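# Residue-level structural notes
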Amino acid sequence: MNYPVWYLPEIGGSTLIALIAIVHVFVSHFAVGGGLYLVLAERKGVREQNPAVLAFTRGHSKFFLLVTMVFGGLTGVGIWFIISLVQPAGTSLLIHNFVFGWATEWVFFLVEIVALFIYFYTFDRMERRTHLIIGWIYFIAAWFSLFLINGIIDFMLTPGGWLETGNFWDGFFNPTFWPSLVFRTFVAVMMAGLYAYVTCAWQQNKDLKLAMTRFSGKWVLIALAGAVPSGFWYLSQLPLPARSLVNGASPTIGRALDWGLYAVIGILLISLIFTIIMPALHNRFIAFAVLACGLLFIGSFEWTREAARRPFVVNEVMYSNGIRKGEIDEINRQGFLASARWARMREFHEESLLETGQDLFKHQCHACHTVGGFNNDIIARTANFSYPALLSYLETIHQRRYFMPPFVGSPDEMRALATWIIAGLHGKPGEAAATPVATDGGEGPGARLFQNNCIFCHEAGLVKAKTAGWNVERVRSALDQLSALNPAMPDYAGSAAEKDRLAAYIVSLNAAGSTVPAMAEDPGETVFETHCAMCHSLVEGYNPLLPKVSGWSRDRIRTALDMLEKLQPAMPPLLASDKEKADLAAFLYEKAQGGQP
Amino acid sequence: MNPLIPTPDTIPVAWGWFEFLLLLTLPLHLVCMNMLLGFSGVSLFARLRGDETSRRLAFELARVLPFLVAFTVNFGVAPLLFNQVLYGQFLYVSSILMAAFWLAVIPLLIFAYYAIYLYDFRFRSLGRAGAVFIGLALVAILLIAFVFTNNMSLALDPARWVAYFRNASGTLLNIGDPTLFPRYLHFVVGGFAVGGLAVAVFARFWRQRDPQVAELANRIGMQTFTYLTMVQVLLGMWFLMALPREIMLIFMGRNLLATAVFVVALLLSMSVLVTGLRRQVVLTAGLAFVLVFLMAVMRDLARIAYHAPFFRAESLQVLPQYSPMVMFFVTLAAGSVCIVWMIRQVLRSLKKA
């Protein structure tokens, strides 16, 4: 909002962050643990007076230098670049609060670089003891760079006492600092072993290959034994919303954790079999397979950590789209366009609904959603929505799906966003069908009021069916508190005279001679649209529901509606009345039977 | 006030600290960057020449190149960090406007780094084909410099930011800015000049081991330096003339400090030309080092003048927290001691050998 949005409709900046971050973290943990591996392998060679082990260590240090210093170092700068491009407000917040944390980390990088160059270029040319000390200096500097960045990364997930004090140290030593540090240290040691498998696989000397493969296997297994419990410790320190997302409320995290589990099993089995039990069988293919498991493991962890923070980029402070939680009320009052520096229009104009809607998408949704891309595609996610359903969804989006930030802005702006998605992306009837230009459905002031205010969500036929048998007093009093009829319905802000005219028009729909056909309405369908359609289609498209209840009795469906969250932790409980649930069960049962009740 | 400039965040210590750290670290980056350009350029030139001494010179330079990439990047991180603290609201915006190019810096750098390592580690086996690798690395580095010039100049001029409303896909450049090309050439040609001078300085380390290479390095290095410095003076004038009048005038008497620095820098440029033509390598290098610092200061004063109509770093709100800065300085001191100790160990083991 404060910054322009890099608009890559089909790729999405978040995908780029994920790609760069995962490969960087995969290498940077190696950069930390690998330092320890080098000194301990060198010490092993010295103690055993084994020149082959020393030669192995020297060769490994070249591989280490080329992977960590070049690729690891530059992808690290890459993360910094990409987060400032995609999350400029969040990056700015972090930089301004933790600049000296980063500056200190930079000093450790400098020491790391000097130490690693010296370690590599003076191998076998420097007195052994001093050379080992240089190796230790490298490892200690690398671990301290982890120590520092760990504080800043975990601050984003759990800002802790900083929320009250704004104090550097409260934010740095936040509630997940220590578990995360211990976990990452174990992961770094494990990565060192995994990367060493590669150097082992290239050894010609059989005895050496066997010895170093076993040595590396022990590293991996011991580190894994430490990483798993510290990982659980880390999870246990997450705040409640994040923990519930990790525990199943977020289907993407659930999938990521599954993959992480497969990766751990892969690392465990391959290490046990090919490095401990039968190290002679270790080869290049195995080395890369287990490295791939390592990448998967890191990817799963990073994805989970990032996703568990949703809808925030800094928990409880700033949403993923760069809007601060504290400024929402003000923006809602002023309107988003008036608050956003980088929107094309700074005022709302009815005739620019689509452009405004696209700008709102860019600024509020594009941080996570692509348009037609493979990651979180807004077109697929809204395929089942009608315009009214989307509008009603946007109103309570954060309440319905905690990990989505609330829509911020005026009701007009919300209409613009819904119109862009429904009419602009899907080509379905949206807001345009309700503009004052369209006059079908009646003449007179009441009809016009209906067109301008109601038809966004209801066609006249639907309202006719809903109000059949109502007298004008009942309609008129309903107009005074529409939200009491349905919490998703905004109250009508017209004057008393306008309400009178509107009530007269609505009653006239059911009067003899009305040309508006009553729309046969299934109350269950309305419940479906209000509560289910944001995640489910009926038959085709996104997550179809009917195949899931195929062959179920109406009672079984009805019972299931009371315990959705138990059936599937990703599903929120159905917040509907007993009658609505009964209607929905009947509707789904009927549809599953092919439309026959 | 330009409505597009984002509201800046608060800073933890007085802005002067960041300005000081920025001006302290940026010249270190510039020196490394200049050496990277000069060493790559001279190494490529020597590799393309047929004679054996040139080949050996190309190799000596190739062996230094990986260090130069590493330190150019490392010393680039610190000023970029301090720049973001003071001027992030400008730099983030300009970066986003040209995001695709800005992000391309990373793959270009990775490519250049690996090409340089190949050139170094496989110098013998690659033979003259090595020229392709160092040549491509040099092209990548020059492209990176061009991206940086675009971004840094775009960050100065919020009036150009409205281009975003025509193109939000991050593929804008700042081509329309009349200072872009003189600025780019000023940095790059100056970089090759100072880099050439650094080659001549390094020649002193090779005098014992390979006098022929040392002599050649000294000659090529100093020639590169003096000729390019002559060109550089002209480019500097072009750059100055291309600046908006209000900015140019600060160096022409309107601002005392800016004018003083400019005059001293101009005198220093003349001096290094004279000492360069006389082949006084160490003196020239010392003066050139000071000159790089002065250029960084001038660059900073120009930025302040550019921003003057809508922003002053003094106006940033300070919510004081000095203890993290103390941590930084203590770590910097300890790190420096550690680095000096390590380098002494290397020198000791070299002596023994």
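Residues numbered from 1 in each chain as written. Chains lettered and ligands numbered in written order. Predicted model: local features only at pLDDT ≥ 70, side-chain atom pairs only at ≥ 80, totals over all residues.

## Focus: the overall build of chain A
- Secondary structure assignment for chain A yields 28 helices and two strands.
- For the C-alpha atoms alone, the extent of chain A along its principal axes is close to 105 × 55 × 35 Å.
- Residue burial in chain A is summarised as follows: out of 597 residues, 48% are buried.
- Look at the contacts in chain A between residues 6 or more apart in sequence, and 72% of them connect residues 24 or more apart. (Helix = DSSP H or I, 4+ residues; strand = E, 2+ residues; numbered from the N terminus. Buried ≥ 20, exposed ≤ 12 C-beta atoms within 10 Å, placed from the backbone. Contact = placed C-beta atoms within 7 Å.)

## What to know about the overall build of chain B
- Counting its secondary structure elements, chain B contains 11 helices and zero strands.
- Moving toward the C terminus, one meets the helices and strands of chain B in the order α-α-α-α-α-α-α-α-α-α-α.
- Relative to the compact-globule value of 20 Å for 353 residues, chain B shows a C-alpha radius of gyration of 21 Å, a close match.
- Viewed in the frame of its principal axes, chain B has a C-alpha envelope of about 60 × 45 × 40 Å.
- A burial count over chain B gives 47% of its 353 residues as buried.
- Considering only contacts in chain B between residues 6 or more positions apart, those separated by 24 or more positions represent 79%. (Rg over C-alpha atoms; globule rule 2.2 N^0.38 Å.)

## Here's the deal with the confidence of the model for chain A
- Averaged over every residue, the pLDDT of chain A is 88; the share at 70 or more is 93%.
- Every residue in residues 434-442 of chain A is under pLDDT 50, and counting partners more than four places away or in other chains gives 14 contacts. (pLDDT = per-residue confidence, 0-100.)

## Some points on the environment of Val290(B)
Residue and element names in this part refer to chain B.
- Structurally, the position occupied by valine 290 is in helix 10 (residues 281-307).
- Owing to 15 C-beta atoms within 10 Å, valine 290 belongs among the partly exposed residues under this scheme.
- C-alpha of valine 290 to C-alpha of leucine 268: the two residues are 22 residues apart in sequence and 8.5 Å apart in space.

## Structural notes on the domain arrangement of chain A
Residues and elements named next belong to chain A.
- Along its sequence, chain A is organised into domain 1 (13-319), domain 2 (325-427), domain 3 (436-509) and domain 4 (523-592).
- Inter-centroid distance (C-alpha atoms) of domain 1 to domain 2 is 38 Å.
- Facing the 11 residues of domain 1 at the interface are nine residues of domain 2.
- Looking at the side of domain 1 that touches domain 2, the elements with two or more residues in it are helix 1 (13-47), helix 9 (240-249) and strand 2 (318-319). (Domains from an automatic or database assignment.)

## Some thoughts on the interface of chain A and chain B
- The interface of chain A with chain B comprises 53 residues on the first partner and 54 residues on the second.
- Among the secondary structure elements, those contributing two or more residues to the side of chain A that touches chain B are helix 2 (51-86), helix 3 (88-121) and helix 4 (128-157) of chain A.
- If you tally residues by element for the side of chain A that touches chain B, the top one is helix 3 of chain A, at 21 residues.

## Structural notes on unusual backbone geometry
All names here are of chain A.
- Residue proline 311 is bonded to the preceding arginine 310 through a cis peptide linkage, with omega at 5 degrees.
- Tracing the sequence through the fold places proline 311 in the loop between helix 11 (284-308) and strand 1 (312-314).
- For aspartate 124, which is not glycine, the phi dihedral falls at a positive 70 degrees.
- Note that aspartate 124 resides in the loop between helix 3 and helix 4.
- Classification of aspartate 124 as exposed rests on a count of 11 C-beta atoms within 10 Å.

## Observations regarding the environment of Ser553(A)
Residues and elements named next belong to chain A.
- Turning to its location among the elements, serine 553 is positioned in the loop between helix 25 (546-549) and helix 26 (554-561).
- Classification of serine 553 by C-beta neighbours within 10 Å gives exposed; the count is 11.
- C-alpha separation for the pair serine 553 and glutamine 593, spaced 40 residues apart in sequence, amounts to 9.9 Å.

## Some thoughts on the packing of helix 2 of chain A against helix 3 (residues 99-121) of chain B
- It is at 10 Å that the axes of helix 2 of chain A and helix 3 of chain B come closest, and there the two elements cross at 175 degrees. Taken together, the axes of helix 2 of chain A and helix 3 of chain B are roughly antiparallel relative to one another. From helix 2 of chain A, Leu66(A), Val70(A), Phe71(A), Leu74(A), Val77(A), Gly78(A), Phe81(A), Ile82(A) and Leu85(A) reach across to helix 3 of chain B, where they touch Ala99(B), Trp102(B), Leu103(B), Val105(B), Ile106(B), Leu109(B), Ile110(B), Tyr113(B), Tyr114(B) and Tyr117(B).
- Taken together, the residues of the contact of helix 2 of chain A with helix 3 of chain B break down into 18 nonpolar, one polar and no charged. (Axes fitted to C-alpha atoms, helices over the stretch in contact; angles between N-to-C directions. Parallel < 35°, antiparallel > 145°, perpendicular 65-115°, else oblique. Nonpolar A, V, L, I, M, F, W, Y, C, P; charged D, E, K, R; others polar.)

## Brief notes about the confidence of the model for chain B
- Across chain B, the average pLDDT comes to 95, with 100% of residues at or above 70.
- Per the prediction output, this complex has pTM 0.83; the corresponding ipTM is 0.96.

## Regarding the environment of Phe181(B)
Residue and element names in this part refer to chain B.
- Tracing the sequence through the fold places phenylalanine 181 in helix 6 (residues 180-206).
- Given 16 C-beta atoms within a 10 Å radius, phenylalanine 181 is considered partly exposed.
- The spatial distance from the C-alpha of phenylalanine 181 to the C-alpha of alanine 242 is 9.6 Å, given a sequence separation of 61 residues.

## What to know about helix 8 (residues 245-254) of chain B
All names here are of chain B.
- For helix 8, every residue scored as buried is listed here: Ile247, Ile250 and Phe251. For helix 8, the angular spread of the buried residues around the axis is 85 degrees, confining them to a single face. Along helix 8, the residues that are exposed and aim more than 90 degrees away from the buried face are Arg245, Glu246, Met252 and Gly253.
- Each element contacted by the buried residues of helix 8 is listed here: helix 7 (211-242), helix 9 (256-277) and helix 10. (Arc of directions from axis to C-beta.)

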